[in-house]
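# Inside the fold
Residues per chain are reported as follows:
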Amino acid sequence: KEVRAAIFRVAPTNSRVLVTGPAGVGKEVVARIIHGESPRATEPFVAINCATMRPDRLEIELFGAEAGIEGPDLPRHSGVFERAHKGTLFLDEVADMPLETQGKIVRVLQEQTFERVGGASQIQVDVRVIAATSQNLEMQIKEGNFRDDLYYRLNVVPIQVPPLKDRRADIPDLVMHFMVRSARSSGLSARRLGDDAMAALQAHDWPGNVRQLRNVVEWLLIMAPGDDGGIIHADDLPPDLLEAAPKAMRGTAGDEIMG
């Protein structure tokens with residue numbers, strides 16, 4: 001409830017947000033909800049994972065590159081800051097960003113301008129930045145791996161996301177969110193869950209956190225048989241979840257909880 005309340009308080013503002021928590025707890029989901037509830041909702045939401053980029057590639061992905069920089073015949077490349085103009089930029093695993101790049105991010109946040117790699121002209125953007133990390137940034141600052149000036153610019157509104165097992169009340173909303181997204185991307189119709197199936201999901205400990213829940217919802221959309229009305233019950237859950245569910249939840253046809 002505290003996470004949800006913080007999301008809906010900060011969403012209408014233009015404040016930067018730093019989302020922290022263990023891997024897989026749904027930090028990008030938080031960022032997408034903030035964007036979706038903000039005045040920027042109709043503008044781009046652009047995400048980049050700093051941990052998956054080579055240091056020599058990260059700045060090109062962030063700021064773009066002029067024609068010829070990436071190869072003699074390659075055109076100008078727009079970076080994520082440019083693509084997120086008027087919208088929201090989500091910087092995931094920001095602690096993995098090289099120190100030199102961190103310094104350039106500080107200048108962009110301060111001035112809302114940057115230069116493409118290989119360029120000299122200033123490009124002005126209007127971007128809301130939401131950052132996320134699974135690391136302790138204060139510890140990273142002490143060890144000299146993260147700039148304190150960048151930390152204070154990103155950490156305007158901190159939101160700490162606990163493991164899913166500690167916020168089971170969020171599961172119905174997350175299931176609906178993932179069901180709609182999965183149905184849209186697959187071209188299928190969203191499925192409905194009975195109370196018994198939802199109760200079983202809420203009883204599970206979710207060692208893989210929100211990422212695991214997202215995978216289960218996608219599996220249910222495609223694989224779960226459901227009853228004559230297409231409603232998914234506890235007996236239709238994947239075998240590992242069914243084994244973990246209390247016996248009282250199995251084989252009971254609950255009322256619809258989604259639709």
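First things first, this report covers the structure right here in the doc. Starting afresh in each chain, residues are numbered from 1 along the sequence in its written order. The predicted nature of this model means local features are confined to residues of pLDDT at least 70 and side-chain atom pairs, given and counted, to a pLDDT of 80 or more, with totals for whole chains, interfaces and linings taken over all residues. As a rule here, side-chain values cover all heavy atoms of the structure and leave hydrogens and water aside.

## Regarding the environment of Ala 131
For Ala 131, the location among the structural elements is in strand 6 (residues 128–133). Considered as a pair, Ala 131 and Phe 114 are 17 residues apart in the sequence and their alpha carbons are 18 Å apart. Here a residue-residue contact requires only that any non-hydrogen atoms of the pair lie within 4.5 Å. Residues in contact with Ala 131, not counting those within four places in the same chain, are Val 17, Leu 18, Val 19, Phe 90, Leu 91, Val 94 and Leu 154. Helical segments are the DSSP runs of H or I of at least four residues, strand segments are the runs of E of at least two, and each set is numbered from the N terminus.

## Some thoughts on the nonpolar core
Formed by 30 residues in total, the largest nonpolar core has its most connected members in Leu 62, Phe 81, Leu 89, Leu 91, Val 94, Ile 105 and Leu 154. For this core, the elements supplying multiple residues, two or more each, are strand 2 (45–49), helix 3 (55–63), helix 4 (80–83), strand 3 (88–92), helix 5 (99–111), strand 6 and helix 7 (148–154). If you tally residues by element for this core, the top one is helix 5, at 4 residues. Not counting residues within four places of it along the chain, the set of residues in contact with Val 94 comprises Cys 50, Ala 131, Ala 132, Thr 133, Leu 137, Phe 146 and Leu 154. Throughout, nonpolar core names a set of buried Ala, Val, Leu, Ile, Met, Phe, Trp, Tyr and Cys residues whose side chains join them through atoms within 4.5 Å. Only protein chains enter the area calculation, which uses a 1.4 Å probe; residues under 20% of their type maximum are buried, those over 50% are exposed, and those in between are partly exposed.

## Focus: the environment of Leu 137
As for its position among the elements, Leu 137 is in helix 6 (residues 137–142). Classification of Leu 137 as buried rests on a relative accessible area of 5%. For the pair Leu 137 and Thr 20, spaced 117 residues apart in the sequence, the C-alpha separation amounts to 9.4 Å. Once you skip the residues sitting within four places of it in the chain, Leu 137 turns out to touch Leu 18, Val 94, Ala 95, Phe 146 and Tyr 151.

## Examining the pattern of salt bridges
Salt-bridge detection follows one rule: a side-chain nitrogen of Lys or Arg within 4 Å of a carboxyl oxygen of Asp or Glu. According to the stated counting rule, one finds 11 salt bridges in the structure shown. For Arg 4, the salt bridge is made with Asp 173, and the minimal N-O distance between the two is 2.9 Å. Here Asp 173 lies in helix 8 (residues 171–186) and Arg 4 lies in helix 1 (residues 2–10), a separation of 169 residues in the sequence. Judged by relative accessible area, which is 41%, Arg 4 ranks as partly exposed.

## A short note on unusual backbone geometry
Of note in this structure, Glu 93 is not a glycine but carries a positive phi near 50°. By secondary structure assignment, the location of Glu 93 is in the loop between strand 3 and helix 5. The phi dihedral of Trp 206 falls on the positive side, at around 50°, and the residue is not glycine. When you line up the elements, Trp 206 lands in the loop between helix 9 (195–203) and helix 10 (209–223).

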